[in-house]
Amino acid sequence: MTEVGAGRLRAHGPEVSAARARRWGSFYFAEHQLRSMRAYLLTIVVTSVGNPLLYLFSMGIGLAAIVDRRVVGGFDGVGYLAYSAPALLVSSAVMTCAIEMMFPVMDGFKWRRIYYGPHVTPLAPRQLAAGHIMAVGARLAVQSAAFFLIMLAFGAAPAGSAWLLVPLGVATGMAFGAPVMAYAARLEKENFQFSLIQRFVVMPLFLFSGTFYPLETMPAAMQWIGWVSPLWHGNQLGRAVSYGLAEPPWLVAVHIAYLALLGAVGIAWAGRNYTRRLGA
Amino acid sequence: MISAENLVKRYGGFAAVDGISFEVAAGESFGLLGPNGAGKSTTMRMIGGVTQRTSGRLTIMGLDPERQGPEVRAHLGVVPQQDNLDEELRVRDNLIVYGRYFGLPLAYLRQRADELLAFAQLEEKAAAKVDSLSGGMKRRLTIARSLVNEPRILLLDEPTTGLDPQARHILWDRLFRLKEQGVTLVVTTHYMDEAEQLCDRIIVVDKGRIMAEGSPAALIREHSSREVLEVRFGAERNAAVVRRLEDVGERIEALPDRLLVYTDDGERSLERIRASGLHPLTSLVRRASLEDVFLRLTGRSLVD
Amino acid sequence: MSAPPDDAGILAADTRPFSAVYARNARAVIWRGFRVIRSQNWIVLVSGFFEPVFYLLSMGVGLGSLVGEVEGPGGTPISYAAYIAPALLAVSAMNGAIYDSTWNVYFKMHFGKLYQGMLYTSLGPLDIAMGEIFMALFRGLLYAVGFTGVMGIMGLITTPWALLLVPASVMVAFGFASFGMAVTSYMKTFQQMDLITFVMLPIFLFSATFYPLSVYPEPIQWVVQAFPLWHGVELMRQISIGAFTPATWIHVGYYAAMILVGVAFTTRRLRSLFLR
Ligand SMILES: Nc1ncnc2c1ncn2[C@@H]1O[C@H](COP(=O)(O)OP(=O)(O)O)[C@@H](O)[C@H]1O
Ligand SMILES: [Mg+2]
């Protein structure tokens, strides 16, 4: 062991550690998660920039070439690019959040057991859940901001309030992702549940939540999908802030309330499941 | 059965195996003993022809595992360091499907699977999923699986690492039986007791090179005294005391936490230390082991 | 102890070409594949079938009701659903084959350690590659039959030629699977595997699945036409209404060449893929 020098820093006492952990523990764990995302930094940057470019070019411009010719007056009186862009932003936030709330959670509890390291420090299980949510939220904010800037470059976000798409992306992502996280925290073993969620929940929501055309276009018997889907509520709010879609105030209130409710319930449930599983 | 000459395996510039030569005769039980990273597993993979060697000559029953991989492996049973059971299949199906890879007919495999389940004491688990097995059970299943083709040569890479003492003894017992049936065993391990239990002859490997070769008893005789006296004076004092003990035994090895005195009579050496006015905090007399051989050869401990 | 029977002649010394990597026993790998399917949860197997169906319902029926008819191959007007359905089948054949030959292989190699076990038997890497590609194509075949059935139920099939969608779909899958495995041999980390996703997404989005190639400026059209998926999409579209042109042969030839080159490429990379 090396000799202790005069200027050596010392750890603060256990009482200080406990007090700080109680107060800032979630942030400490969020920092941990963000650091581990660094391994995927390149992936995150390339998808954050690449996906909006690809989707806006292919759907917003390519598909628009057909839709704008056929649908007289466009949807909501705007071109197909402006119509679909905010929904694509919200959709990509939801898809990213779904993935970030499945595999890393399983990794934490089972595969590499990441959560069991901090679990024996002063951090509480609930703080691990909160920290994970914060880190994912930060990623969603960066991704949505990049998407928004690229929309601006395409001229696809005409209204002054369009920057609100960034917090909206995070909120809609969480409204879907937090319940998924709570569910993932209960899974003892991953028997393809995640790919089933992808295929039977995420994908249908993406396709049937009024992302590519108004919900009313679908047969009445299928429109309930939109109403239960956080994605549809997020899409409509996105259109309201992005190009001023005129939704009745009560409906705007429903959109906001529904997203808030799902997010809050999801976060509370996740905290409870983390506490149970880590047995605090 | 196996003949290796100047085997080398490089990963980039780094030589994981750096010129190893050995021969294994039929029916022999041969061990590679060395610390983690010595190159034991790499050597085993080259024998199986699942890693390409950088240079050197290697034949198994006269065949080159790189050029005649399927033929060579048809003679081998392999227990890799990490279990790689087929998690998508059930226990008994693991044995049957594995046998199909040797082109063995189903009628034979059904019967063989039941024999092997009995051998591995896993009859009750035949229909269980692999991931419901304990570590020891998985290891036994891996060993059973390696026997499905009735191999003449069995490669065992750290067969008991990570098992509790009871599970280890069950495994050793199974391996003894195979040895009695004339199966050639090649075992790697970093446990000296395992090497002493299982092997007729061992090579001690470190940093990809052979440090010594012989039977466990001969190696101990050659590189160590009969007994070892372990004494502790406390972390601060051990080093200072060494010089005052110089003539107590044949040789002294100073480890960070204790001193090892190599001697033919441990009790007498301890008395002489006490007589010289030194009083160790603890003392222990034991028989010399391969651990001491390794320490002697490399100046380092086997298990870090 | 008696020697085990050796009906297949596996133990006999062998001087065939490829004998170092191939033991003529790919059927054992295929046999394992069917055992897994049998003991697997059926919903996992079936779930792969739904993605193109969801796309067809959402875009074909939903968006289609707004878009109306579009110009199909040879200038025939067809419904938007009939326009995208064969293209979706090509996309799904590509996605399934790529997943099975890249991520699936990567996982079994690095995490499940399945191939390590297989490689220690008298199998060679070529047996494993052939067996795994066969299983990928078998799954692709099931989905193609299912999807073609859905097209029939939705009234999108008007000619017996459409039955050829099934073998064509397997051919498209073979083209991608044979390349995917070779590409995976270069991949060492998860992050590198993600590159595959980056490459596949534009191939899908720009394949002219949802709208005709003509919406793009000419230089971009050339690029799209160089990519394999576009040829699959065009071929399937022609088959679906039985409207063939000389270009049909170009599309088929493209895949024939892709399969040949891909198989040769994968065979060359076998040692790097499996014998690290
Ligand atoms: N695939 C590989 N790539 C790079 N280095 C490797 C690889 N496999 C093993 N090594 C290195 O070769 C050395 C010997 O490894 P190994 O044969 O596994 O040792 P042992 O089995 O004796 O513990 C180690 O330093 C290890 O890091
Ligand atoms: Mg090893």
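The structure under discussion appears in the preceding block.
Residues numbered from 1 in each chain as written. Chains lettered and ligands numbered in written order. Predicted model: local features only at pLDDT ≥ 70, side-chain atom pairs only at ≥ 80, totals over all residues. Heavy atoms only, no water.

Caption draft 1: Up close: the overall build of chain C. For chain C, the count of helices and strands is 12 helices and two strands. When the helices and strands of chain C are listed from N to C terminus, the series reads α-α-α-β-β-α-α-α-α-α-α-α-α-α. Its C-alpha atoms give chain C a radius of gyration of 21 Å, near enough to 19 Å, the size a compact globule of 276 residues would have. Dimensions along the principal axes, computed over C-alpha positions, put chain C at roughly 75 × 40 × 35 Å. Put simply, chain C has 276 residues, and 57% of those count as buried. Within chain C, contacts between residues at least 6 apart in sequence are counted, and of these 75% link residues at least 24 apart. Approximately 11,200 Å² of chain C is accessible, and the part contributed by carbon and sulfur atoms is 70%. (Helix = DSSP H or I, 4+ residues; strand = E, 2+ residues; numbered from the N terminus. Rg over C-alpha atoms; globule rule 2.2 N^0.38 Å. Buried < 20%, exposed > 50% of the residue type's maximum accessible area, 1.4 Å probe, protein only. Contact = heavy atoms within 4.5 Å. Areas by Shrake-Rupley, 256 points an atom, 1.4 Å probe, with all protein chains shown as cover.)

Caption draft 2: Looking closely at the sheet that holds strand β10 (residues 227–232) of chain B. All names here are of chain B. Here four strands make up an open sheet; going across it, the order is β11-β12-β10-β13 and the pairing antiparallel. A strand with exactly one partner marks an edge of an open sheet, and here the two such strands are β11 (251–254) and β13 (282–287). On average, adjacent strands in this sheet sit at an angle of 20° to one another, irrespective of strand direction. With six bridges connecting them, β10 and β13 associate as antiparallel partners. Residue E230 lies in a different strand from β13, and its bridge partner there is L284. Each of β10, β12 (259–263) and β13 is contacted by helix α10 (residues 266–275), which is oriented at about 35° to β10, the strand it contacts most. (Pairing = 2+ DSSP bridges. Axes fitted to C-alpha atoms, helices over the stretch in contact; angles between N-to-C directions.)

Caption draft 3: Main features of the coordination of the magnesium ion (ligand 2). All names here are of chain B. Coordination of the magnesium ion (ligand 2) by the protein involves S41 (OG) and Q81 (OE1), with metal-donor separations of 2.0 to 2.1 Å. Of this pair, S41 sits in helix α1 (residues 40–48) while Q81 sits in the loop between β5 (76–79) and α3 (91–100), and the two are 40 residues apart along the sequence. Look at S41 and you get buried, because its relative accessible area is 16%. (Donors = N, O, S within 2.8 Å, 3.2 Å for Na, K, Ca; no water.)

Caption draft 4: View of the environment of M61 of chain B. Residues and elements named next belong to chain B. Its location among the elements puts M61 in the loop between β4 (55–60) and α2 (69–75). Under the relative-accessibility criterion, M61 is labelled partly exposed at 34%. Counting along the chain gives 129 residues from M61 to H190, while the straight-line C-alpha distance between them is 27 Å. Among residues more than four places away in sequence, those in contact with M61 are M1, H75 and I153.

Caption draft 5: The arrangement of the interface of chain C and chain B in detail. Contact residues are listed per partner, giving 41 residues for chain C and 39 residues for chain B. Here chain C and chain B share an interface that buries about 3,500 Å² over both sides, 57% of which is from carbon and sulfur atoms. Summed over the shared surface of chain C and chain B, the number is three salt bridges. One can count 10 residue pairs in polar contact (both at pLDDT 80 or more) joining chain C with chain B. Counting only elements with at least two residues in the side of chain C that touches chain B, the list comes to α1 (26–39), α6 (114–119) and α12 (246–274) of chain C. A per-element tally of the side of chain C that touches chain B places α1 of chain C first, with seven residues. In the side of chain C that touches chain B, the residues fall into 23 nonpolar, 10 polar and eight charged. (Buried area = accessible area lost by both parts, 1.4 Å probe. Salt bridge = Lys/Arg side-chain N within 4 Å of Asp/Glu carboxyl O. Polar contact = N/O pair within 3.5 Å; in protein donor to acceptor, adjacent residues only side chain to side chain. Nonpolar A, V, L, I, M, F, W, Y, C, P; charged D, E, K, R; others polar.)

Caption draft 6: View of the site of ligand 1. Residues and elements named next belong to chain B. If you check the shell around ligand 1, you find 13 residues, and the closest are G37, G39, K40, S41 and T42. In the environment of ligand 1, a nitrogen atom lies 3.4 Å from a nitrogen or oxygen atom belonging to the side chain of Y11. With respect to ligand 1, the backbone of A38 contributes an N or O atom lying 3.1 Å from an oxygen atom. Within the complex, 64% of the 560 Å² of free accessible area of ligand 1 lies under protein. Counting only elements with at least two residues in the shell around ligand 1, the list comes to β2 (14–24) and α1. No other element matches the four residues that α1 contributes to the shell around ligand 1. Within the shell around ligand 1, the residues separate by chemical class into five nonpolar, six polar and two charged. (Near = heavy atom within 4 Å.)

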